[in-house]
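# Remarks on the overall topology
One letter stands for each residue in the lines below.
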Amino acid sequence: MPGFELFGDLERKEVNDVLDNGVLMRYGFDGMRNGHWKAKELESELSKAFGVNHVQLVSSGTAAVSVALASAGVGAGDEVIMPTFTFVASFEAILMLGATPVLVDIDDTLTLDPKAVEAAITPKTKAVMVVQMCGSMGDLNALSAICKKHNLIFVEDACQAIGGTYDGKPLGSIADLGCFSFDFVKTITCGEGGAVITNNKDYYLNADHYSDHGHDHVGNDRGAETHPFLGYNFRISELNAAVGLAQVRRLSEFIALQKKNYTILRDAIARIPGVTFRRVPKGGEESYAFLNFFLPDLIDTRKVSEAFKANGVDTCFHYFDNNWHYVRKWEHLKEAKSLYPLSSEIQEALSVLQKKKFEQSDHYIGRNISCLIKLSWTEEEVHERAAKMVKCIKDALNS
Ligand SMILES: *Cc1c(COP(=O)(O)O)cnc(C)c1O
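I will try to describe carefully the structure that is included in this document. Everything numeric in this text was worked out from a predicted model, so none of it was measured.

## Structural notes on the environment of G163
- Here G163 is to be found in the loop between β5 (153-157) and β6 (165-166).
- Placed 23 residues apart in sequence, G163 and K186 show a C-alpha to C-alpha distance of 12 Å.

In structure tokens, the structure reads:
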């Protein structure tokens, strides 16, 4: 997955364009910039790549999620439904707006179970956020129908699934708003960066203003611009955007490499009795950023995970035992350990998590191993890795 593995001359050239004139900021300084507008160019490349009308670059994927929700008016008192399996950024972005994260079970797609979503809807629910984890997606038609029926904003966090598709449409472009991260370990990297994509012009204008202190971006005298509403600074710099510009032009090359490496590993382990794979909804195609498989039970999965570690099969994760991606170990969230006071509504919602059981999520995450697919592996390395994985899994399941 990490685009940094293939950092090279193309990225260097774009960065040098920026260094040549020294305009590191994405707005203003028109006379000095020698025609270089890296952030604007990257927005237009992304809008082409994802077939959407509007793209707003921001400083990170976490910022993208917050800006997307803020643009659609989500804030204090609103509940946002999110999955139990995701990166910590999901609840961070919701909490930052004073809104309340409501965690619900995942299914064998490794993201939101539509039935669990429907059961969690209350009069306070304002948005549903599907997180397209580990290169694939949720049941987007079912989730979208639930959002329509209940008049909820539908947000897609596609940070880990850039390049995947559903019914022929790029992931990120299907819900009302889509979010990407271009942090250092994502398929396309800017070093740090993110994007909000949407076909809704109002959401886009809100995102554009909100991510730059509420500036209306009318005219070319920044000091004279008005501020229709409050904002923050979630701007990306020209240097970061320059790297992303070179990288996004390589997206199809990166996805093809991921697919090739993924397929070798998958074909090798598919023949082992007891190994099954995460469900990809009908009409969906993964980004191949990760290979996700299930083992018969938690004990087997721990054994395989240990065997992988002992035998040098790196970049594979058993998220059940990991601190970053699964509710089980999010003690700081459950105990509401905030530097500053949180609203009583949020505190109450978080305290519920201390006792709440997510048995269905445990059932899937407990048995799941997720292997990151690298771009820089040679074919020989992938075959060696496949053979090691097969041996580790067979030995563990037979012991
Ligand atoms: C990486 C990631 C984010 C956050 O992106 P940053 O750019 O690191 O802030 C959000 N959601 C998911 C699913 C991610 O994988």
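Resuming the write-up.
## What to know about the sheet that holds strand β4 (residues 125-131)
- On the basis of which strands lie adjacent, the open sheet formed by seven strands has the order β1-β9-β8-β5-β4-β2-β3 and mixed pairing. Both edges of this open sheet fall to β1 (54-58) and β3 (100-104), since each of them pairs with a single strand only. With direction set aside, neighbouring strand axes in the sheet form an average angle of 25°.
- Pairing geometry for β4 and β5, over five bridges, is parallel. Note that in β5 the partner of V131 across the bridge is D157.
- Each of β1, β8 (177-181) and β9 (194-198) touches helix α2 (residues 38-50); the most contacted strand, β1, lies at about 135° to it.

## What to know about the side chain of Q258
- By the element assignment, Q258 lies in helix α9 (residues 251-270).
- Leave out the neighbours within four places in its chain, and Q258 touches M1, T187, S287, Y288, A289, I373 and L375.

## Looking at the state of the cysteines
- Going through the model one piece at a time under the given rule, you end up with one disulfide.
- Two residues share a disulfide in this structure: C316 and C371, whose sulfurs sit 2.1 Å from each other. Disulfide C316 to C371: torsion about the S-S bond roughly 110°, handedness right-handed. With C316 in strand β13 (residues 316-317) and C371 in strand β14 (residues 368-372), this pair connects stretches of sequence that are 55 residues apart.
- According to the relative accessible area criterion, C316 is buried, its value standing at 15%.
- Looking at C371, the relative accessible area reads 1%, which means it is buried.
- Take C134: it sits in no disulfide, and the sulfur closest to it among the cysteines is that of C371, at 10 Å.
- A relative accessible area of 0% places C134 in the buried class.

## Points about the packing of aromatic side chains
- On inspection of all chains with the given rule, the structure shows 13 aromatic pairs.
- Through successive ring pairs, a cluster of aromatic residues spans F50, F180 and F182.
- Note that R33 overlies the ring of W37, its terminal NZ or CZ placed 3.9 Å from the centroid.
- Here the basic side chain of K186 rests over the ring of F87, its NZ or CZ set 5.9 Å away from the ring centre.

## Details of the site of the ligand
- The full set close to the ligand counts 13 residues, and G61, T62, D157, D183 and K186 are the nearest of them.
- A distance of 2.6 Å is found between an oxygen atom of the ligand and a side-chain nitrogen or oxygen belonging to D183.
- Compared with its free state, where it exposes 380 Å², the ligand has 93% of that area covered by protein.
- Taken together, the residues of the shell around the ligand break down into four nonpolar, six polar and three charged.

Rules and cut-offs
Residues numbered from 1 in each chain as written. Predicted model: local features only at pLDDT ≥ 70, side-chain atom pairs only at ≥ 80, totals over all residues. Heavy atoms only, no water. Helix = DSSP H or I, 4+ residues; strand = E, 2+ residues; numbered from the N terminus. Pairing = 2+ DSSP bridges. Axes fitted to C-alpha atoms, helices over the stretch in contact; angles between N-to-C directions. Contact = heavy atoms within 4.5 Å. Disulfide = S-S within 2.5 Å. Buried < 20%, exposed > 50% of the residue type's maximum accessible area, 1.4 Å probe, protein only. Phe/Tyr/Trp six-rings, centres within 6.5 Å; stacked < 30°, edge-to-face > 60°. Lys NZ or Arg CZ within 6 Å of the ring centre and 35° of its normal. Near = heavy atom within 4 Å. Polar contact = N/O pair within 3.5 Å; in protein donor to acceptor, adjacent residues only side chain to side chain. Areas by Shrake-Rupley, 256 points an atom, 1.4 Å probe, with all protein chains shown as cover. Nonpolar A, V, L, I, M, F, W, Y, C, P; charged D, E, K, R; others polar.

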